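# Structure assessment
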Amino acid sequence: MRSTVVILTALGLEYQSVRQYLSGCEVVRHQTGKVFEVGDVDGTPWRVALAELGEGNRPAAVVTEQARQLFSPGALLFVGVAGALKADVELGDVVIATRVHAIHGGKDTPEGFMARPESWPGSHALLHTARLALRSVSWRPDPAPGNAEGQRAPQVYFKPIAAGDVVLNSSASALRRQVHTRYNDAAAIEMESAGMAHAAQIGHIDALTIRGISDKADGNKYPDADAEHQPRAAAHAAAAAVAVIRQLPASPTTPAASLTSSDGAPPSQREDAPSTPRNDTPLSVRHLLSCLADAPLPLYVLSPAAIASAGIPDLSADRVSADLSDFTVHAVTASGEPGAPAVPCVHRDAATQAETAREISHEHAQAFAYAAALLDHAVTMVPDSSTLRLLAPHAMALLWRDSHNPTRAIAAARRVRDAHLARGAYKEGLPLAVQIVKTGRGDLKDDLALGQLRRGCGDFLEAEAVLRQVLARAEKDTHAHGLSLAGRTGPSTRDILRENANGPFTRELSPVQCNVLGFVAEVQHALGNTLYDMRRYEESERLLHAAVGLLWRTQGAHHPGRMVTQMHRAKAVVRQRRWEEALGLVHDVLPHLAQLRLDRDSPEDDALIRLAHAEVTADIVTSLQRGDTPQMRGVGMFPAIVVKWLGRTVTTARPEKLTWDDVRHLGDEAVRACESAFGGAHPHAGAATTVRDRAVAGQRKAARP
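Owing to the predicted nature of the structure, the values given are computational and were not obtained by experimental measurement. (Residues numbered from 1 in each chain as written. Predicted model: local features only at pLDDT ≥ 70, side-chain atom pairs only at ≥ 80, totals over all residues. Heavy atoms only, no water.)

### Examining the overall build of the protein
The condition is simple: Strands here mean DSSP runs of E at least two residues long; helices mean DSSP runs of H or I at least four residues long; both are numbered from the N terminus. Think of it in three bands: residues with accessible area under 20% of the maximum for their type are buried, residues over 50% are exposed, and the middle band is partly exposed, with areas taken using a 1.4 Å probe on protein chains only. Accessibility throughout is a Shrake-Rupley quantity obtained with a 1.4 Å probe, and a residue counts as covered only by protein chains that appear here.
The secondary structure content of the protein amounts to 26 helices and 15 strands. Counting every position in the protein, which comprises 705 residues, the buried fraction comes to 53%. Carbon and sulfur atoms make up 51% of the accessible area of the protein, which amounts to about 30800 Å² in all.

Structural data, given as structure tokens:
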């Protein structure tokens, strides 16, 4: 796969300013639904993946990570408009960020705002490439929107940029004074680069911000002025970005390689760099197959469209068809179940495999990167879980065999692993998760996925051990970002009184800090569910309670993740026979469920909430029929009897009024939701069916004389 440059934009006009330089575009979708357009820039071998994400540092961080997963980009550029902070930076000028400052990290005290600055440098290689590309005037677009005869030509400044969470449009506001005092070297201000820069740092991506100046951030920013100056600023930034891309190394060797190696030498000059194919033995389909496992490979992995998307220089559609004629193609049923769909697959004999493997080791090391790119692309085309099983051994083979630069192999393996996890195929995804961690190039999210898969396979002790290590490292990361989890998970009383009670309560938190706390909550949720499976309900509840607080604080009460975690907390509470409290937690969630229409916008979360509701109700009815004694606990200064009375004034639900008919109704809803969201073979659908079967058995027993 030719290396890809990802360009992110916040506004539609910024997107269009870049889009006009691209040709041969195709749409690539992330599994979350995020859309990228991928096309060519004339005069360069680099592919460009373009996305519009809207305003804000948080979306920028999320889309940066999605871009890393999809493309393992060789470079990442954020291109758009910004407000000037220096008098000598004029409208239409371009600022290249030598460093990005996150300006909203700090603490508001009686003595004033105490800054807790975070900043990230621009990529050293990209900065020097930009200096080379923009040294002459040839990069300037002619004509550009708003450019007039005799107007001052745009100048380029290599200066730091400030990134915040609000639009600055004042020359005398507290924010303006704060930026002037704390970040005096910044030449421009905008709202996205801090999130992008931090995510790029974590993902080891070369990143650079390129901004055209559309206003002076001095109180004169208004719609008419934006309509005049934003298109011109966006056009200048886009032209500068394309000039940088055209100046990048002409023959990128690997799709995820940095522009320079750790010793400063270009990858093509390193002794351990993958060699390029020799002209006398051009890359063929058999070379690609020999990078993969000795197992059936779905034919669509090698389709002309897939080969074209990977940008393999030696292979055309005709060449692929000719090469495939030398191999056996026959249908394979991955699941082995009668009636399961058969998938056309490619086979080759062991002798050919061994002979070609020797050629690859000396001449076609780049074939591994191309094979990984094909596999990565194929996962997005998988129609069902049975076909996905056919891709898993090939992802594993790439992890084992690609020793030169396994970054692309890891990206492909992650996609296969995550697809297995989403489909509930835990046993198939676990070996990949283990091997990714063993490479030593994974991150905390890879360890989290390993813990989730071990839990799905029923290896609860192993899952707990992995997840506790992840939680310890995530908590250490919170301390490194100036945060503390001791006694502060949810919002404070002051936060609730000062802001909307539904949250989020992010006034004193930067986007980076919110991401850190959100990851802690995700790990707490996973570990809490694992402890629930081990029947350690009190420990499970404590972790889930903390996760609910963090999600409420950073995402708000309406966030689906908070609602799902709250329902799982209710499951742990009801197992401790605190029925009233569990129903109170359930009825904290249900109004949001009806109001937000999660069944339409987030069907997976809707299904999980409905499943938990059915399970909580079934456990209450079962416990009541056994004659268990309900438990109550006091909260703070209030004794249990007062808490019970308060609970009854909030909700009209009563445990003693629940019946198996209620469980049957909720179970039917859960089955429909889970089968629609996950498919009938998913473990969640099986759990919903189990609840419904319990209800049916309970109804029959209750009907007996």
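### Quick notes on the environment of Tyr 426
With respect to the helices and strands, the residue Tyr 426 is situated in helix H14 (residues 426-438). Counting along the chain gives 28 residues from Tyr 426 to Arg 454, while the straight-line C-alpha distance between them is 7.6 Å.

### Describing the environment of Gln 178
One can find Gln 178 in helix H4 (residues 174-182). Gln 178 gets classed as buried once you look at its relative accessible area, which sits at 14%. Linking Gln 178 and Ile 103, residues 75 residues apart in sequence, is a C-alpha distance of 8.5 Å.

### Regarding the sheet that holds strand S13 (residues 297-298)
To keep it simple, the criterion reads: DSSP bridges decide pairing: two strands pair if at least two such bridges lie between them.
What the three strands build is an open sheet, ordered S13-S15-S14; its pairing is antiparallel. With one partner strand each, in any of the chains shown, S13 and strand S14 (328-332) form the two edges of the open sheet. In this sheet, strand S15 (residues 343-347) lies alongside S14 in antiparallel orientation, the contact comprising five bridges. Residue pairing in the sheet places Thr 328 in a bridge with His 347 of S15.

### Remarks on the packing of aromatic side chains
Using the following cut-off: In this analysis, rings of Phe, Tyr and Trp, with Trp reduced to its six-membered ring, are considered paired at centre separations within 6.5 Å, and the interplanar angle assigns stacked below 30 degrees, edge-to-face beyond 60, and tilted for intermediate values. Charge over a ring is defined by NZ of Lys or CZ of Arg lying within 6 Å of the ring centre and within 35 degrees of the ring normal.
The tally for this structure, following the rule as stated, stands at three aromatic pairs. Summarising the aromatic geometry, the rings of Phe 505 and Trp 552 are spaced 5.9 Å apart at their centres and angled 85° between planes, so their arrangement reads as edge-to-face. Residue Phe 505 is found in the loop between helix H17 (493-498) and helix H18 (511-533), and its partner Trp 552 is found in helix H19 (residues 537-555); the two are separated by 47 residues along the sequence. Phe 505 gets classed as buried once you look at its relative accessible area, which sits at 4%. Overall, Trp 552 belongs to the partly exposed group, its relative accessible area being 26%. The ring of Phe 158 has Arg 131 sitting right over it, with the charged end atom 4.3 Å from the ring centre.

### What to know about the nonpolar core
The condition that has to hold: Grouping buried Ala, Val, Leu, Ile, Met, Phe, Trp, Tyr and Cys residues that are joined through side-chain atoms within 4.5 Å yields what is termed a nonpolar core. Note on contacts: a residue pair is in contact if any heavy atoms of the two residues lie within 4.5 Å.
The biggest cluster of nonpolar side chains holds 43 residues, and the ones touching the most others in it are Leu 288, Leu 302, Ile 307, Ile 312, Leu 374, Leu 398 and Leu 432. Where this core is concerned, the elements lending two or more residues are helix H7 (285-290), helix H8 (304-310), helix H9 (317-324), helix H11 (366-379), helix H12 (385-401), helix H13 (407-423) and H14. The greatest single-element share of this core, amounting to ten residues, is contributed by H11. With sequence-adjacent residues up to four places away left out, Leu 288 is seen in contact with Leu 283, Leu 302, Ile 307, Ile 312, Leu 315, Ala 367, Tyr 370, Ala 371 and Leu 374. With 36 residues, the next largest nonpolar core counts Met 567, Trp 579, Val 589 and Ala 673 among its residues.

### Observations regarding helix H15 (residues 444-456)
This is how it is decided: Working rule for helices: expected span equals 1.5 Å times residues minus one. Counted as a polar contact is a pair of N or O atoms within 3.5 Å, where, for protein atoms, one must be capable of donating a hydrogen and the other of accepting one, and residues adjacent in sequence contribute only when both atoms are in side chains.
In a regular helix each residue adds 1.5 Å, so 13 residues correspond to 18 Å; H15 covers 18 Å between its end C-alpha atoms and thus fits that length. Within the sequence span of H15, burial applies to Leu 444, Asp 446, Asp 447, Leu 448, Ala 449, Leu 450, Gly 451 and Leu 453. Those residues of H15 that are buried lie in contact with H13, H14, helix H16 (460-480) and H18. A side-chain oxygen of the first residue of H15 lies 3.0 Å from the backbone nitrogen of Lys 445; this N-cap is Asp 443. Looking at the residues trailing H15, positive phi occurs at Gly 458, about 85°.

### Some words on the packing of helix H2 (residues 57-71) against helix H5 (residues 193-202)
Cut-off, in case you're wondering: Only the stretch in contact is used when a helix axis is fitted, and all axes are lines through C-alpha atoms; the angle between N-to-C directions ranges over 0 to 180 degrees. Angles below 35 degrees are treated as roughly parallel, those above 145 as roughly antiparallel, those between 65 and 115 as roughly perpendicular, and all remaining angles as oblique. Crossing handedness: left-handed means the near helix sits turned counterclockwise from the far one by under a right angle, and right-handed means the same turn made clockwise. Only Asp, Glu, Lys and Arg are considered charged, only Ala, Val, Leu, Ile, Met, Phe, Trp, Tyr, Cys and Pro nonpolar, and every remaining residue, Gly among them, polar.
Axis separation between H2 and H5 bottoms out at 6 Å; the angle between their running directions is 30°. It follows that H2 is roughly parallel to H5 by the angle criterion. When the axes of H2 and H5 are compared, the crossing they make is right-handed. On H5, the residues touching Asn 57, Ala 60, Ala 61 and Thr 64 of H2 are Ser 193, Ala 194, Gly 195, Met 196, Ala 199 and Ala 200. Tallied by class, residues from the contact of H2 with H5 come to six nonpolar, four polar and no charged.

### A closer look at the packing of H15 against H16
Axes are the key here: two packed helices are described by the angle between their axes and the distance separating the axes. Interaxial distance between H15 and H16 falls to 8 Å at its minimum, and their mutual angle equals 155°. Classified by the interaxial angle, the pair formed by H15 and H16 is roughly antiparallel. Crossing handedness for the pair H15 and H16: left-handed. Residues Leu 444, Asp 447, Leu 448, Leu 450, Gly 451, Arg 454 and Arg 455 of H15 pack against Phe 460, Glu 462, Ala 463, Val 466, Leu 467, Val 470, Arg 473 and Ala 474 of H16. In the contact of H15 with H16, the residues fall into nine nonpolar, one polar and five charged.

### Here's the deal with the environment of Ala 472
Structurally, the position occupied by Ala 472 is in helix H16. Overall, Ala 472 belongs to the partly exposed group, its relative accessible area being 43%. Separated by 48 residues in the primary sequence, Ala 472 and Val 520 have C-alpha atoms spaced 9.3 Å apart.

### Points about the pattern of salt bridges
Stated formally: For this analysis, a salt bridge means a side-chain nitrogen from Lys or Arg found within 4 Å of a carboxyl oxygen belonging to Asp or Glu.
Applying the stated criterion across every chain yields a total of 30 salt bridges. Notably, a salt bridge pairs Asp 376 with Arg 415, separated by 2.3 Å at the nearest N-O pair. With Asp 376 in helix H11 and Arg 415 in helix H13, this pair connects stretches of sequence that are 39 residues apart. Residues Asp 376 and Arg 415 agree in their burial class; the two are buried. One salt bridge connects Arg 664 with Asp 668, and the closest N-O pair in it is separated by 3.4 Å. Taken together, the residues Arg 664 and Asp 668, both in helix H25 (residues 660-678) and four residues apart, mark about one turn of the helix.

### Digging into the pairing of strand S12 (residues 207-215)
Counting buried residues along S12, nine of its nine residues qualify, which places the element largely inside the surrounding structure. Pairing analysis gives eight bridges linking strand S5 (residues 75-84) to S12, with the strands arranged parallel. Across the sheet, Leu 76 pairs through a bridge with Ala 207, a residue of S12. As judged from the three bridges shared by strand S6 (residues 94-102) and S12, these two strands associate in the antiparallel manner. Bridge pairing in S12 places Ile 96 opposite Ile 210.

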